[in-house]
There are 2 protein chains.
Amino acid sequence: MPECTGRPLVISMGDVCGIGPEVVAAQWLGALPPQAVVVGSVAVMQRALTTLVKAGHRAEGVEVQALEALKMQPHLPLAAPQQRSILWVWEPPGLPDGLAHLPCGQIDAKAGAAAALCVREAARLVLSGWARAMVTAPLHKEALAAAGEAFPGHTELLQALATPPGQPLVPVRMMLANPELKTVLVSIHVSLRQAIEAVTLGNVLQTIRITHHSLLRMGLSQPRIAVAGLNPHAGEGGLFGDEELHTIGPAIQAARAEGIDASGPWAPDTVFMRARHSADHPGEFDAVVAMYHDQGLIPVKYLGVADGVNVTLGLPFVRTSPDHGTAFDLAGTGRADPSSLAQAMEMALALSAR
Amino acid sequence: MPECTGRPLVISMGDVCGIGPEVVAAQWLGALPPQAVVVGSVAVMQRALTTLVKAGHRAEGVEVQALEALKMQPHLPLAAPQQRSILWVWEPPGLPDGLAHLPCGQIDAKAGAAAALCVREAARLVLSGWARAMVTAPLHKEALAAAGEAFPGHTELLQALATPPGQPLVPVRMMLANPELKTVLVSIHVSLRQAIEAVTLGNVLQTIRITHHSLLRMGLSQPRIAVAGLNPHAGEGGLFGDEELHTIGPAIQAARAEGIDASGPWAPDTVFMRARHSADHPGEFDAVVAMYHDQGLIPVKYLGVADGVNVTLGLPFVRTSPDHGTAFDLAGTGRADPSSLAQAMEMALALSAR
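Quick notes on the rules
Residues numbered from 1 in each chain as written. Chains lettered and ligands numbered in written order. Predicted model: local features only at pLDDT ≥ 70, side-chain atom pairs only at ≥ 80, totals over all residues. Heavy atoms only, no water. Least-squares fit on C-alpha atoms with pLDDT ≥ 70 in both. Contact = heavy atoms within 4.5 Å. Helix = DSSP H or I, 4+ residues; strand = E, 2+ residues; numbered from the N terminus. Polar contact = N/O pair within 3.5 Å; in protein donor to acceptor, adjacent residues only side chain to side chain. Pairing = 2+ DSSP bridges. Axes fitted to C-alpha atoms, helices over the stretch in contact; angles between N-to-C directions. Buried area = accessible area lost by both parts, 1.4 Å probe. Salt bridge = Lys/Arg side-chain N within 4 Å of Asp/Glu carboxyl O. Nonpolar A, V, L, I, M, F, W, Y, C, P; charged D, E, K, R; others polar. 1 Å grid on protein atoms, 1.4 Å probe; cavity = no way out; pocket = protein on both sides within 12 Å on 5 of 7 lines; lining within 4 Å. Points joined across faces, edges and corners; volume = space filled by probe spheres on them. Buried < 20%, exposed > 50% of the residue type's maximum accessible area, 1.4 Å probe, protein only. Phe/Tyr/Trp six-rings, centres within 6.5 Å; stacked < 30°, edge-to-face > 60°. Lys NZ or Arg CZ within 6 Å of the ring centre and 35° of its normal. Expected span 1.5 Å × (residues − 1). pLDDT = per-residue confidence, 0-100.

## Brief notes about the relation of the copies chain A and chain B
Both copies of the chain are related by a screw-like operation: a rotation about an axis and a shift along it. Superposing chain A onto chain B requires a rotation of 180° together with a translation of 0.1 Å along the rotation axis, leaving an RMSD of 0.1 Å. In short, the pair behaves as if placed about a two-fold rotation axis. Scanning chain A for the C-alpha nearest the rotation axis identifies Pro299(A), at a separation of 2.8 Å. Both copies share a contact surface, since 100% of the interface residues of chain A are interface residues in chain B too.

Here is the structure:
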């Protein structure tokens, strides 16, 4: 095997009953094979490639190969158009048998167990420095649960893997980004009532800090962070709620005292419009800290989810994922759109460039 | 005075210290003068026209004229390009003197009193059938308060004017619409905590009903109404909040039992994307019922507010307004963008066509 040309990305294949393997395999159909290794099953990736071919995609010259040992890093050339493109797969020890025979589009405990194993292995590869960053294809929360996994999803699992034993969990935040807008959420999967309770000075300040440091890592020298209010018109001076006065405002002041260019609290209904970058509208901010899940995700998804990338901020390594789920209704058809995964891979490369 | 060519729109001029008079006057700069009468001050509208000319706009042939008596409806011709265009103004009895000498960009009780008087008069004209619909230029809430007005804004004032004495207030809802998206809000200017409390079966059902009947009046024969959830992922089956199960879902069922094509509760972060109408993306729904102010206004404002129109649904007459405020920082410069008011006028014409 030739010499390594640089540390690869690792991509966990996701739930084998979902669209994960297909959208991963689709990344190898272009002229330039990705500098990436799939952590998953050779047979599943082979099946995914066959699915794409049956759906009319051209995959001549793409070959799925198992990586035999991790000490040999794969050769990941920038292929010439006629060159054969190798989709390297690292099969983690203990991967269940028969994954490629599971029918698409249904919840399966074996698929859930395999998906979790691949995420753990990918995290190990990036934590050890073998890989430069990790990208995760979608898994299915119910399949994870069926496999007896204690973690409800990627974020919680990675947070646990990144925390040294006996230490408090490393604080992480979800960023959703597309070419026009980056938004970072104070809380995610809790009720709106609970989300309001999570708007504390500590949580908001920590979100601003994590956002700031992540934007620095993305190469921005003085990131401009807008902080949204919680209430309509950011409370209109206390008229409609006082979280802006007592919690969000003081968190912004504390961040500014640390030298962070944070501003707000801004009226939620216009701050995302103001932050939006487009050809005819340079955004006023580099990212918006949103007070709850839908405040941030409604605008970032409004123009479509194909380009959306989910980035877990706060981990000691780079992790991105596409902004879609397993799409059981599409799995096995070869018709799933691989562009969000492509964007996630591009973002992972950019974030791990330094 | 020549014969009337149809019932006019009435436009209340708004706060004279804000951009209202300018954006109203700007509607007369095009080749086709609007079929509209301004309810306001002749001197203020003359000043606004002068401001526009100083800012470089061409206003040759536009002349501000007072309407002398209401029984004579104005002649509102579809002007030929060379024809003189008359900006008709109806001055309501009791209008304060000296309005055109108030400096732009500041809160003034006299301006607040005049703005309220013009709104009342415009409502009277449309309630009496003299006008076909009303459009309101922005007023300033603090100027209203300084004038001793009991109503915090347009909506509450119009709601009171439309309610017969001794009756409970007619229920109204705010719709914000642009060419891509229509969204109707269950509540508006309350804190997010109070907005959650306002998500009751009665309020949600009433919002769906008002939306349905308004869309019928807009000419849709079977409007498709999406109802957003309150919580992330619409609660994910009760995992993150149960309002979808106990309140919003039953309200949708009740609406469906009345023959209304309401669906949901949908995940808030994707329902607006799904409802969005664009050249390459026909929307799945005709309007979205949003559970609170920012849920609905973030997406409708995301692409810019220039085309946004505010429509008060539930009134016994058509009332629209531009989706911006008095913009004191721009008032008097002639640089305010009149396109939202133009859209509001177009929407008012469309809504009062039948």
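Additional details are given in the paragraphs that follow.
## A look at the side chain of Glu180(A)
Inspection of the secondary structure assignment puts Glu180(A) in the loop between β6 (173–177) and β7 (182–185). At 2.6 Å, the side chain of Glu180(A) forms a polar contact with the side chain of Arg276(A).

## Some remarks on the sheet that holds strand β9 (residues 262–266) of chain B
All names here are of chain B. A sheet is described by the order of its strands in space; here 12 strands give the open sequence β3-β4-β2-β1-β5-β12-β11-β6-β7-β10-β8-β9, paired in mixed fashion. Each edge of the open sheet carries a strand with a single partner, namely β3 (62–66) and β9. Pairwise comparison of adjacent strand axes, ignoring direction, gives a mean angle of 25° for this sheet. In terms of strand pairing, strand β2 (residues 36–39) meets strand β4 (residues 85–90) through two bridges, oriented parallel.

## Concerning the interface of chain A and chain B
Taken residue by residue, the interface counts 37 residues in chain A and 37 residues in chain B. When the buried area of chain A at its contact with chain B is split by residue, Asp269(A), Ile298(A) and Tyr302(A) rank highest and sum to 23% of it. Here chain A is connected to chain B by six salt bridges. Residue Arg193(A) pairs with Glu197(B) through a salt bridge whose shortest N-O separation is 2.9 Å. Here chain A is connected to chain B by 12 residue pairs in polar contact (both at pLDDT 80 or more). If you list the elements that add at least two residues to the side of chain A that touches chain B, you get α6 (192–197), α9 (268–275) and α10 (293–302) of chain A. Broken down by element, the side of chain A that touches chain B gets its largest block of residues, eight residues, from α10(A). Here the side of chain A that touches chain B is composed, by residue class, of 18 nonpolar, nine polar and 10 charged.

## Concerning the layout of surface pockets
Counted as a void, the largest pocket has a volume near 1,500 Å³. As for the largest pocket, its lining consists of 48 residues, of which His233(A), Lys141(B), His324(B), Gly325(B) and Thr326(B) are closest to the centre. Among the secondary structure elements, those contributing two or more residues to the lining of the largest pocket are α9 of chain A together with α4 (141–146), α5 (154–162), α10 (293–302), β12 (319–322) and α11 (339–351) of chain B. In terms of residues, the lining of the largest pocket owes the most to one element, α4(B), which gives four residues. Residues belonging to the lining of the largest pocket are distributed by class as follows: 21 nonpolar, 16 polar and 11 charged. In this structure, the second largest pocket spans a volume of roughly 1,300 Å³. Lining the second largest pocket are 41 residues, and of these Lys301(A), Asp323(A), His324(A), Gly325(A) and Thr326(A) sit closest to its centre. Counting residues per element, the ones that place at least two in the lining of the second largest pocket are α4 (141–146), α5 (154–162), α10 and β12 (319–322) of chain A together with α9 (268–275) of chain B. Broken down by class, the residue content of the lining of the second largest pocket amounts to 15 nonpolar, 16 polar and 10 charged.

## Remarks on the pairing of strand β6 (residues 173–177) of chain B
Residues and elements named next belong to chain B. With five of five residues buried, β6 is to be regarded as a mostly interior element. Alternating positions in β6 separate into two faces, Arg173, Met175 and Ala177 on one and Met174 and Leu176 on the other, with burial throughout. Pairing analysis gives five bridges linking β6 to strand β11 (residues 309–313), with the strands arranged antiparallel. Within the sheet, the bridge partner assigned to Arg173 lies in β11 and is Leu313.

## Thoughts on the packing of aromatic side chains
Throughout the structure, instances matching the rule amount to three aromatic pairs over all chains. Their ring planes at 40° and their centres at 5.8 Å tell us that Trp266(A) and Phe285(A) sit as a pair that is tilted. Separated by 19 residues along the polypeptide, Trp266(A) in strand β9 (residues 262–266) and Phe285(A) in the loop between α9 and β10 (287–290) bring together distant segments of the chain. For Trp266(A), a relative accessible area of 27% gives the class partly exposed. On the basis of relative accessibility, which here comes to 7%, the residue Phe285(A) falls in the buried class. Above the ring of Trp266(B), the side-chain terminus of Arg274(B) is found at 4.2 Å from the ring centroid.

## What to know about helix α7 (residues 201–217) of chain B
Residues and elements named next belong to chain B. Spanning 17 residues, α7 covers 24 Å between terminal C-alpha atoms, matching the ideal 24 Å at 1.5 Å per step. Residues of α7 that are buried include every one of Val204, Leu205, Thr207, Ile208, Ile210, Thr211, His212, Ser214 and Leu215, and no others. Looking at the residues trailing α7, positive phi occurs at Gly219, about 100°.

## Some details on the environment of Gly314(B)
With respect to the helices and strands, Gly314(B) occurs in the loop between β11 and β12. Here Gly314(B) is in contact with Pro171(B), Val172(B) and Ile210(B), once residues within four sequence places are set aside.

## Topic: the confidence of the model for chain A
All names here are of chain A. Taken as a whole, chain A shows an average pLDDT of 92; of its residues, 94% reach a score of 70 or greater. Low confidence marks residues 1–5, where pLDDT is under 50. Its contacts with residues over four positions away, or in another chain, come to 13 contacts. Confidence estimates for the predicted assembly give a pTM of 0.88 and an ipTM of 0.87.

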